[in-house]
Every structure is written in structure tokens, then in C-alpha cells.
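Below are the chains, spelled out letter by letter.
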Amino acid sequence: IAISLFFFLFIIFFFNDTATTEIYTLSLHDALPISLLLLSLMMQESSCNSSADFESSVGLMQIDLSNCGKYGLPERDSGCKELLISNPQKNIEVGAKILKEKYNVYGSGKIFQGCTEKNIKYSGWGAAIRGYNGWGCNSNYPGQDNYVKDVMNRFRSEERRVGKECRSRWSPYH
């Protein structure tokens, strides 16, 4: 039910922001349903919990508070944090903008040197996802080396689920 609610929020709010429209255009070029990618990131980052608060990252997309003062966010950490937690639409919009920036910067490719994974080349959306989470080794969380794999597994699972639902709803035999 929570996933359906967030998918509904994507449909309603997705095109209210220039970055999400641009990211949608990029995703069409790559034949990637961007709403499912953003949903997969939310599932990975916060388990779709809009009040998630982990160290310096908050909300659905776990926006790092170092982004306060950018993307139309307040300068002060406290006001910024409150907005990112209380306004899921803003949190998703900021996450989409960050993801688009990472795509623009790393989309052509970059080598990842993680804690356990070494010399992995990411490009396209894989590089954007890796950039969203960070490019270095975090020895406190070595499982983050699998971040791109985990997000893409969620994405593929949701893509199959949504595709199956759509096929069953629109089937002439339904």
C-alpha cells in the first residue's frame, strides 16, 4: 500500500519540477521508467519512510543536509531538515535534481574503488546511482559497495510487478 501511495505521488508531482522533467526526458532516451528508479532509491534509502533521519541524511530520498542552501532549500540545517522531512514532494524533487546532476557528471563513466569491490566501471544510470550514494569506501558500511546492485534489483522487481499489474488490467481477457 505504501509503495502504491508513493507511486501515486510520483504521478501527481513528477512534472512540477524542471529537473524531474529533464530526468524523465533522459530516462525516455534510455528506456528507463524514472519513477520506478526514484521509487527504488527511496526504498533503498529510507524504506519509503518520509520521516527517516539517519545522521546527516533525512527523508524519503535521504537528502544530505550539506545540500541545505541549494535546490531551493533553506540555508539553516534545522529549517532545511524540517522541510525535507515534512514535505515528501520537496524531498523527492531534491533527490531527482541530485540524481540528474550525478548523471550529468558521471554518466559517461567512472571507476569505483569501494571497500570490497575494486575497479568497477559504472556508466549511465548506474554511475548516477553510484554517485548518489558516493564513490568511496565507507568502512563503517562496507555493504554500500553493493548499493547500485541493490537499487537495480529493487528497480527490476518493481518493473516486473508494475508491468504484470498493467498487463492484467489492460488485457482483453481480464
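All of the points below concern the structure found in this document. Position labels on residues start from 1 in each chain and follow its written sequence. Given that the model is predicted, a residue must reach a pLDDT of at least 70 before its local features are reported, and side-chain atom pairs must reach 80 or more before they are shown or counted; all residues, however, enter totals for whole chains, interfaces and linings. Hydrogen atoms and water are omitted, and side-chain values are computed over all heavy atoms in the structure.

### As for the nonpolar core
- Grouped together as the largest cluster of nonpolar side chains are 40 residues, with contacts concentrated most on L37, L41, L84, L99, I129 and Y132.
- Helix numbering and strand numbering both begin at the N terminus, where a helix is a DSSP run of H or I of at least 4 residues and a strand a DSSP run of E of at least 2. Of all the secondary structure elements, the ones that give two or more residues to this core are α3 (34-46), α4 (77-86), α5 (88-106), α6 (124-133) and α7 (147-170).
- Ranked by the residues each element gives to this core, the list is headed by α3, at eight residues. Take the buried Ala, Val, Leu, Ile, Met, Phe, Trp, Tyr and Cys residues and link them wherever side-chain atoms come within 4.5 Å; each set so joined is a nonpolar core. Here the term buried applies to any residue with accessible area under 20% of the maximum for its type, exposed to any over 50%, and partly exposed to those in between, with areas from a 1.4 Å probe on protein chains only.

### A short note on the packing of aromatic side chains
- Aromatic pairing here means that ring centres of Phe, Tyr or Trp (its six-membered ring) are within 6.5 Å. Orientation follows from the plane angle: under 30 degrees is stacked, over 60 is edge-to-face, and everything else is tilted. For the structure shown, the criterion picks out six aromatic pairs.
- For the pair Y103 and W125, a centre-to-centre distance of 4.3 Å together with 35° between the ring planes defines the contact as tilted. In this pair, Y103 sits in helix α5 while W125 sits in helix α6, placing the two residues 22 residues apart along the sequence. Across this residue pair, the class does not change: Y103 and W125 are buried.
- A network of ring pairs unites the aromatic residues Y106, F112, Y122 and W135 as a single cluster.
- Note that R130 overlies the ring of F112, its terminal NZ or CZ placed 4.1 Å from the centroid. For a ring to carry a charge above it, either NZ of a lysine or CZ of an arginine must fall within 6 Å of the ring centroid while also lying within 35 degrees of the normal to the ring plane.

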